[in-house]
Amino acid sequence: MLTLYYAPGACSLVPHIALEEAGADYRRHRVNYAVGENNQPPFRTISPLGRVPVLLTDRGALTENPAILSYIAQSHPEAGLAPLDDPFAFARVQSFNLFISANIHVAFRQIVFPDTYADGEEAAKALRDKVPELADRYFAVIEQGLADGRLYVHGDRFTLSDAYLSVYANYLRKGDRGDVSRLPNILAHRARIRARPAVQRILEVEGLADEWRD
Ligand SMILES: N[C@@H](CCC(=O)N[C@@H](CS)C(=O)NCC(=O)O)C(=O)O
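In this text, all values refer to a predicted model and were calculated from it rather than measured experimentally.

Conventions and cut-offs
- Residues numbered from 1 in each chain as written.
- Predicted model: local features only at pLDDT ≥ 70, side-chain atom pairs only at ≥ 80, totals over all residues.
- Heavy atoms only, no water.
- Near = heavy atom within 4 Å.
- Polar contact = N/O pair within 3.5 Å; in protein donor to acceptor, adjacent residues only side chain to side chain.
- Areas by Shrake-Rupley, 256 points an atom, 1.4 Å probe, with all protein chains shown as cover.
- 1 Å grid on protein atoms, 1.4 Å probe; cavity = no way out; pocket = protein on both sides within 12 Å on 5 of 7 lines; lining within 4 Å.
- Sits in = over half its atoms within 2 Å of the grid points.
- Nonpolar A, V, L, I, M, F, W, Y, C, P; charged D, E, K, R; others polar.
- Domains from an automatic or database assignment.
- Buried < 20%, exposed > 50% of the residue type's maximum accessible area, 1.4 Å probe, protein only.
- Helix = DSSP H or I, 4+ residues; strand = E, 2+ residues; numbered from the N terminus.
- Contact = heavy atoms within 4.5 Å.
- Pairing = 2+ DSSP bridges.
- Core = buried A, V, L, I, M, F, W, Y, C linked by side-chain atoms within 4.5 Å.

Undergrad: What should I look at first to understand the site of the ligand in this one?
TA: Within the structure, the ligand sits among A10, C11, Y33, R51, V52, P53, E64, N65, H105, R109 and F113. E64 is positioned with one of its side-chain polar atoms (N or O) 2.5 Å from a nitrogen atom of the ligand. In the complex, the protein chains occlude 85% of the 510 Å² of accessible area that the ligand would expose alone. Put simply, the ligand lies in the largest pocket. Here the shell around the ligand is composed, by residue class, of 6 nonpolar, 2 polar and 3 charged. Structurally, the shell around the ligand is a two-domain feature, drawing no fewer than three residues from each of domain 1 (2-79) and domain 2 (87-196).

Laid out in structure tokens, this is it:
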């Protein structure tokens, strides 16, 4: 049995959606940040940095979204969440997912946890001020990729990357991280993914249905 450790609205929403899309048999454990559960030994044992998501499997814990997502797709091949029989196409999925994890996630972290990178209010402000420029650059690459009218990130089939993009596109609506008016394809994609029954179920579970509504 798999257990997803998550926090509502955090980036653990991506594997939460993937598990639901896969029809996986899984439990969920909500990590209670309010009481510091993320900094206490039981959780720290499976997540050395105290971060979600963690996917606990019968062989041990997995951290880092791209790895967790690949594991979900590979352990549920019937769900078709990634092109597992095509090394190049699978690498494209990995490439996209790592693009978000290594660039967009890190930029957004500058807003929420600037003290990860530098100390003091002045440094925090400089890190936050840089984010719209970074977000515009990174999302423009994705926007361009969707410009040929494709329904999904990698063409005509839903994959892991669509769950990943929709969650980070939703963060854009916070208003402090880039100019969404330049991203009509990404916003249309987000609405398309939001309408999926599995996504709707998870938004309800995490209490995000209102936040995700237009
Ligand atoms: N590289 C990790 C990042 C995980 C991460 O930063 N998680 C955030 C929530 S989105 C978290 O738990 N932050 C709490 C903290 O850093 O203390 C991944 O992509 O899975």
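Undergrad: What exactly am I supposed to notice about helix α3 (residues 65-75) here?
TA: Given 3.6 residues per turn, any residue in an α-helix points the same way as the ones three and four places further on. Three or more residues of α3 are buried, namely N65, P66, I68, L69, S70, I72 and A73. Among the structural elements, α1 (13-22), β3 (54-57), β4 (60-63), α4 (87-112) and α6 (160-172) are those in contact with the buried residues of α3.

Undergrad: Help me understand the environment of S75, please; the structure alone is not making it clear to me.
TA: Mapping S75 onto the fold places it in helix α3. Along the primary structure S75 and A24 are separated by 51 residues, whereas in three dimensions their C-alpha atoms are 9.1 Å apart. Only 2.6 Å separates the side chain of S75 from the backbone oxygen of Y71, close enough to count as a polar contact.

Undergrad: Looking at this structure, I do not really get the pairing of β4. What am I missing?
TA: When a strand is regular, its side chains alternate between the sheet's two faces. Pairing geometry for β3 and β4, over 4 bridges, is antiparallel. Opposite L56, over in β4, you have A61 as the bridge partner. Taken together, β3 and the strand that follows it, β4, pair antiparallel across an intervening segment of 2 residues.

Undergrad: What is the right way to read the nonpolar core from this model?
TA: With 54 residues, the main nonpolar core has F108, F139, L165 and Y168 as its most contacted residues. Where this core is concerned, the elements lending two or more residues are β1 (2-6), α1, α3, α4, α5 (121-145), α6, α7 (184-194) and α8 (197-205). For this core, the leading source of residues is α6, giving 9 residues. Taken domain by domain, this core gets at least three of its residues from each of domain 1 (2-79) and domain 2 (87-196). Residues in contact with Y168, not counting those within four places in the same chain, are C11, V14, I100, I104, H105, F108 and F139. Formed by 7 residues, the second largest nonpolar core is a distinct cluster that contains Y5, V31, V52 and V54.

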